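Listed below are the residues making up each chain.
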Amino acid sequence: MPRAYPRCSFATDPQTVAVIDTGSNSVRMEIAELDAGGGIRILERVQKSIRLGHDTFRRGQLSQETIRALVNTFRSYRKLLDFYGVQR
């Protein structure tokens, strides 16, 4: 069954937007188009497993390797944001 998304009432012109969720085990991003009628259409959904919580809970800080993985993930997400023309 397709997932139902809520209607968005603030979009006046079609807009492409994104959200990034940085959790303890993964970093997720969704890119969506908001239409003038308030509809939401998901264009891209990506997830990268990075165990931020593992370092934090074990050592109280992130390792250099984990930080590099996180930065590389954000760089790859930036490329997708640029591809879709996301401004916010």
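Just so you know, the residues in each chain are numbered from 1, in the order the chain's sequence is written. Side-chain atom pairs in this predicted model are given and counted only at pLDDT of 80 or more, local residue features only at pLDDT of at least 70, and totals for whole chains, interfaces and linings cover all residues. Calculated side-chain values reflect all of the structure's heavy atoms, with hydrogen atoms and water omitted.

Asks: In this structure, what is going on with helix α2 (residues 64-84)? I would like to understand it.
Replies: Helical geometry note: an α-helix holds 3.6 residues per turn, so side chains three or four residues apart project in the same direction. Compared with an ideal rise of 1.5 Å per residue, which puts 21 residues at 30 Å, α2 spans 30 Å between its outermost C-alpha atoms and is within 8% of the ideal. Contacts are residue-level and defined by heavy atoms, with any inter-residue pair within 4.5 Å sufficient. A run of H or I in DSSP counts as a helix once it spans at least four residues, and a run of E counts as a strand once it spans at least two, with each numbered from the N terminus. As for α2, its buried residues are in contact with β1 (15-22), β2 (26-34), β3 (40-49) and α1 (52-59). Where α2 ends, the next residue or the one after it, G85, has phi of about 70 degrees, a positive value. Each residue after the first adds 1.5 Å to the expected span of a helix.

Asks: What should I look at first to understand the pairing of β2 in this one?
Replies: The side chains of a regular strand alternate, residue by residue, between the two faces of the sheet. What makes two strands pair is DSSP finding at least two bridges between them. Judged from the eight bridges that link them, β1 and β2 form a sheet pairing that is antiparallel. Residue pairing across strands places A18 opposite I31, the latter belonging to β2. As consecutive antiparallel partners, β1 and β2 are separated by three residues. Strand direction decides the pairing type here: β2 and β3, joined by nine bridges, are antiparallel. Its bridge partner lying in β3, M29 is registered against V46. Where β2 folds back onto β3 in an antiparallel hairpin, the turn is made up of five residues, including G38, whose phi is positive at roughly 95 degrees.

Asks: How should the packing of aromatic side chains be read in this particular structure?
Replies: Two aromatic rings, taken as a pair, are described by how far apart their centres are and by the angle between their planes. Side-chain rings of Phe, Tyr and Trp, where Trp is taken by its six-membered ring, are said to pair if the distance between their centres is within 6.5 Å; with planes under 30 degrees apart they count as stacked, over 60 as edge-to-face, and otherwise as tilted. Here the structure, examined in full by the defined rule, presents one aromatic pair. Judged by centre distance (5.1 Å) and plane angle (90 degrees), the ring pair of F83 and Y84 falls under edge-to-face. Each residue is assigned to one of three classes by its accessible area relative to the maximum for its type, calculated with a 1.4 Å probe on protein chains only: buried under 20%, partly exposed between the two thresholds, exposed over 50%. Looking at F83, the relative accessible area reads 66%, which means it is exposed. Note on Y84: relative accessible area 24%, which makes it partly exposed.

Asks: Please explain the side chain of T73 as it appears in this structure.
Replies: By the secondary structure assignment, T73 is in helix α2. Residues adjacent in sequence count toward polar contacts only when both atoms are side-chain atoms; beyond that, a polar contact is any pair of N or O atoms within 3.5 Å, and within protein one must be able to donate a hydrogen and the other to accept it. Within the local environment of T73, its side chain forms a polar contact with the backbone oxygen of A69, the two atoms lying 2.9 Å apart.

Asks: Help me out: how do you make sense of the sheet that holds β1 in this one?
Replies: Strand pairing in a sheet takes place through backbone hydrogen bonds and is either antiparallel or parallel in direction. Strand order in the open sheet made by the three strands is β1-β2-β3, with antiparallel pairing throughout. Among the strands making up the open sheet, the edge pair consists of β1 and β3. The mean inter-strand angle of the sheet, taken between neighbouring strand axes irrespective of direction, is 15 degrees. Angular values range over 0 to 180 degrees, each being the angle between N-to-C directions of two axes fitted as lines to C-alpha atoms, with helices fitted over their stretch in contact. Those strands touched by α2 are β1, β2 and β3, and its axis lies near 10 degrees from that of β2.

Asks: Can you help me understand the nonpolar core in this one?
Replies: Here is a general trend for soluble globular proteins: nonpolar side chains tend to be buried in one another's company. Grouping buried Ala, Val, Leu, Ile, Met, Phe, Trp, Tyr and Cys residues that are joined through side-chain atoms within 4.5 Å yields what is termed a nonpolar core. Membership of the largest hydrophobic core is limited to 10 residues, which are V27, M29, I31, V46, I50, L52, L70, Y77, L81 and V86. Secondary structure elements with two or more residues in this core: β2 and α2. In this structure, I31 is in contact with T16, V17, A18, R41, I42, L43, E44, L80, L81, Y84 and V86, ignoring residues within four places of it in sequence.

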